[in-house]
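# What the coordinates show
The primary structure of each chain is shown beneath.
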Amino acid sequence: MAGFEPKIIGFLCNWCSYEGADAAGKAQKPYPGNLRVIRVMCSGRIDPQFIIEAFQDGADGVMVLGCHPGDCHYKEGNYKTLRRYTLLKKILAQFGIEEDRLRLDWVSASEGDKLVKVVTEMVEKVRSLGPLK
C-alpha cells in the first residue's frame with residue numbers, strides 16, 4: 001500500500017533492550033520512527049493481554065525485546081516470555097493476525113546496532129504486510 005507507515009508498539013525490558021535503544025540514540029544511529037516504546041521492568045512481566053490490546057488499539061505490529069536468555073535480571077523472566085510468545089502466536093493466528101506482526105528478540109544494553117537492525121527489519125516486514133484490518 002503506497003504511503004503506508006506501520007505503527008509498531010515495542011515492549012522493551014528496562015535493563016537490556018531499553019538501554020540498547022538508549023545506546024543507539026546516544027550514538028545517533030538512525031532507525032525508523034515507527035516504533036512506540038513501552039518500557040517494562042522485565043519482558044516476563046508482559047501480560048499477553050497487553051499485546052492483544054495493542055493490536056486492538058491500532059498497532060500494525062508488536063515487538064517484545066528482552067535480555068538474552070541466561071542474562072535476565074529477574075533470573076527466568078525471559079524464559080517465561082518465550083513460553084508465552086509461543087502460545088500467543090497460536091492465539092493471534094486464530095484472530096487472523098499474521099505471525100510476522102509479532103516479533104520477539106533479545107537485545108542487550110550494548111547492542112544498539114542490533115536494536116537498529118531488528119526494528120528496521122520489523123518495520124519493513126509489517127510495511128510489506130500492509131495495515132492490520
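Refer to the structure printed above.
Residues numbered from 1 in each chain as written. Predicted model: local features only at pLDDT ≥ 70, side-chain atom pairs only at ≥ 80, totals over all residues. Heavy atoms only, no water.

### A look at a positive patch on the surface
- On the surface, a cluster of positive charge is made up of Arg45, Lys80, Arg83 and Arg84.
- Along the chain, the position of Arg84 falls in helix α3 (residues 77–94).
- Classification of Arg84 by relative accessible area gives partly exposed; the value is 30%. (Patch = residues over 30% accessible without salt bridge, like charges linked within 9 Å, V, L, I, M, F, W, Y side chains within 5 Å. Areas by Shrake-Rupley, 256 points an atom, 1.4 Å probe, with all protein chains shown as cover. Salt bridge = Lys/Arg side-chain N within 4 Å of Asp/Glu carboxyl O. Lys, Arg positive; Asp, Glu negative; His and termini not counted. Charge placed at Lys NZ, Arg CZ, Asp CG, Glu CD. Helix = DSSP H or I, 4+ residues; strand = E, 2+ residues; numbered from the N terminus. Buried < 20%, exposed > 50% of the residue type's maximum accessible area, 1.4 Å probe, protein only.)

### Concerning the side chain of Ser108
- Relative to the elements of secondary structure, Ser108 occurs in the loop between β4 (102–106) and α4 (112–129).
- Since its relative accessible area comes to 16%, Ser108 is described here as buried.
- Once residues lying within four places of it in the same chain are set aside, the contact partners of Ser108 are Cys16, Gly20 and His68. (Contact = heavy atoms within 4.5 Å.)

### Re unusual backbone geometry
- The backbone of Gln28 sits at a positive phi, close to 55°, despite the residue not being glycine.
- As for its placement among the helices and strands, Gln28 is situated in the loop between α1 (17–26) and β2 (35–40).
- Gln28 sits in the exposed class, given a relative accessible area of 71%.
- Residue Lys75 is not a glycine yet carries a positive backbone phi of 70°.
- Topologically, Lys75 is positioned in the loop between β3 (61–66) and α3.

### With respect to the nonpolar core
- Phe11, Ile51, Val62, Leu92 and Leu102 are the most contacted members of the largest nonpolar core, which totals 18 residues.
- If one sorts the elements of this core by residue count, helix α2 (residues 48–56) sits on top with four residues.
- Leave out the neighbours within four places in its chain, and Val62 touches Ile9, Phe11, Ile51, Ala54, Phe55, Arg101, Leu102, Arg103 and Met122. (Core = buried A, V, L, I, M, F, W, Y, C linked by side-chain atoms within 4.5 Å.)

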